[in-house]
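Notes for the structure review
As a plain string of letters, each chain reads:
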Protein chains: 2
Amino acid sequence: MISQTAEYALRAIVFLAMNPGRAHTTQEIADTTKVPAAYLSKVLKSLVKAGLIQSQRGLGGGFVLSKSPDQLNILEVLNAVDPIQRIRTCPLGLQGHGTVLCALHKRLDDATALIEQSFADSTIADILARPTQSTPLYERPPTKDGNPCAYE
Amino acid sequence: MISQTAEYALRAIVFLAMNPGRAHTTQEIADTTKVPAAYLSKVLKSLVKAGLIQSQRGLGGGFVLSKSPDQLNILEVLNAVDPIQRIRTCPLGLQGHGTVLCALHKRLDDATALIEQSFADSTIADILARPTQSTPLYERPPTKDGNPCAYE
DNA sequence: CGTATTATAGATATAAAGGTCCGAATATCC
DNA sequence: GGATATTCGGACCTTTATATCTATAATACG
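Below: a short report on this structure. (Residues numbered from 1 in each chain as written. Chains lettered and ligands numbered in written order. Predicted model: local features only at pLDDT ≥ 70, side-chain atom pairs only at ≥ 80, totals over all residues. Heavy atoms only, no water.)

All names here are of chain A. This model, assessed by the stated rule, comprises 12 salt bridges over all chains. For Glu-28, the salt bridge goes to Arg-22, with nearest N and O atoms at 2.7 Å. Judged by relative accessible area, Glu-28 falls into the buried class, the value being 16%. Members of the salt-bridge network, linked through shared partners, are Arg-86, Asp-109 and Glu-116. (Salt bridge = Lys/Arg side-chain N within 4 Å of Asp/Glu carboxyl O. Buried < 20%, exposed > 50% of the residue type's maximum accessible area, 1.4 Å probe, protein only.)

Not every one of the 23 residues close to DNA strand D is listed here, only the nearest: Thr5(A), Pro36(A), Ser55(B), Arg57(B) and Leu59(B). In the interface set of DNA strand D, defined as its atoms within 4 Å of the protein, sugar plus phosphate atoms amount to 74%. Note that a base oxygen of DNA strand D is positioned 2.8 Å from one of the side-chain N or O atoms of Arg57(B). Residue assignment for the surface near DNA strand D shows that the elements contributing at least two residues are helix H1 (4–18) and helix H3 (37–49) of chain A together with helix H3 (37–49), strand S1 (53–56) and strand S2 (62–65) of chain B. Of the residues in the surface near DNA strand D, the class split is seven nonpolar, 11 polar and five charged. (Near = heavy atom within 4 Å. Polar contact = N/O pair within 3.5 Å; in protein donor to acceptor, adjacent residues only side chain to side chain. Helix = DSSP H or I, 4+ residues; strand = E, 2+ residues; numbered from the N terminus. Nonpolar A, V, L, I, M, F, W, Y, C, P; charged D, E, K, R; others polar.)

In this section: the protein's contact with DNA strand C. Lining the immediate surroundings of DNA strand C are 25 residues, of which Ser55(A), Leu59(A), Thr5(B), Pro36(B) and Lys42(B) lie closest. Of all atoms in DNA strand C that approach within 4 Å of the protein, 71% are sugar or phosphate atoms. A distance of 3.1 Å separates a phosphate oxygen of DNA strand C from a polar atom in the backbone of Thr26(A). Taking Lys45(A), its side chain carries an N or O atom lying 3.3 Å from a base nitrogen of DNA strand C. Mapped onto the surface near DNA strand C, the elements with two or more residues apiece are H3, strand S1 (53–56) and strand S2 (62–65) of chain A together with helix H1 (4–18) and H3 of chain B.

In structure tokens, the structure reads:
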């Protein structure tokens, strides 16, 4: 459905949203989200480039969200690493079709639009707020002192 | 959104649905649908294995649909070559989560379900019936005698 | 200033998807 | 039966996605 890279990006964003107040290093995010650290580093770079997170080098450095979780939706995260492609012209390259899609590709693009809208409508804050039996990314609910990484 | 392979499979199925009555060779389908013939051959093999189309070797052979276009939906075609994967267990492998997904993965699976349903609801016949300005796969509308390949 | 810490950049390796090729099997036509 | 057309099965190649590794630049702290 979404690429591995997009999945990793979402995990990182959700982690940062759940742990605000200070910067978090690649290693720290990687450990909790169970993502290969070296690869996560690349993904985070893309997120910085897209302006979704900010980075800080050196001691005490790491990554923080650029904006509040209720102002950030899933679609923005996906588009930063692995853009959802709408079908705008005939994939067969037929001249007569031009920008008017045939029924098949219209149907496929409708589905794409559906997903696009669905992701645009759900913010990261929605995910954090959503009541479920298990906390995102964590084995058990975070501790009161806000340091969930003490677990495991 | 969907893989290249899935796109090719759909083109082939739509082509066969639009040209019933006789078998069509790999080359014939490839030419019209603008798909590399050698690769299409592989895709068609998958469709035969899944039971969506039937093959016939030798002179006059080729491929035909196994069932009527109104009994065949897009989801079946996709699942034959590139199955849509629902998220059933926690991708992080967290024990405490088990089969109950956390909010993030619940959200992603909801989107997957949305697409799955959307594709299950549209049959190949729907696509053929849908009025649009351009005929699926073809530069111009098929001729009266039912031989659209005369074009180009 | 020197050292530890951390992101950044780029080269390289591995796996999966996409694509090609060819010989064998099967069917039709004469 | 022989010639021809066509799928089938598998080996092979190419490109892209995923992942790792190493060196470098920026920052903080003493």
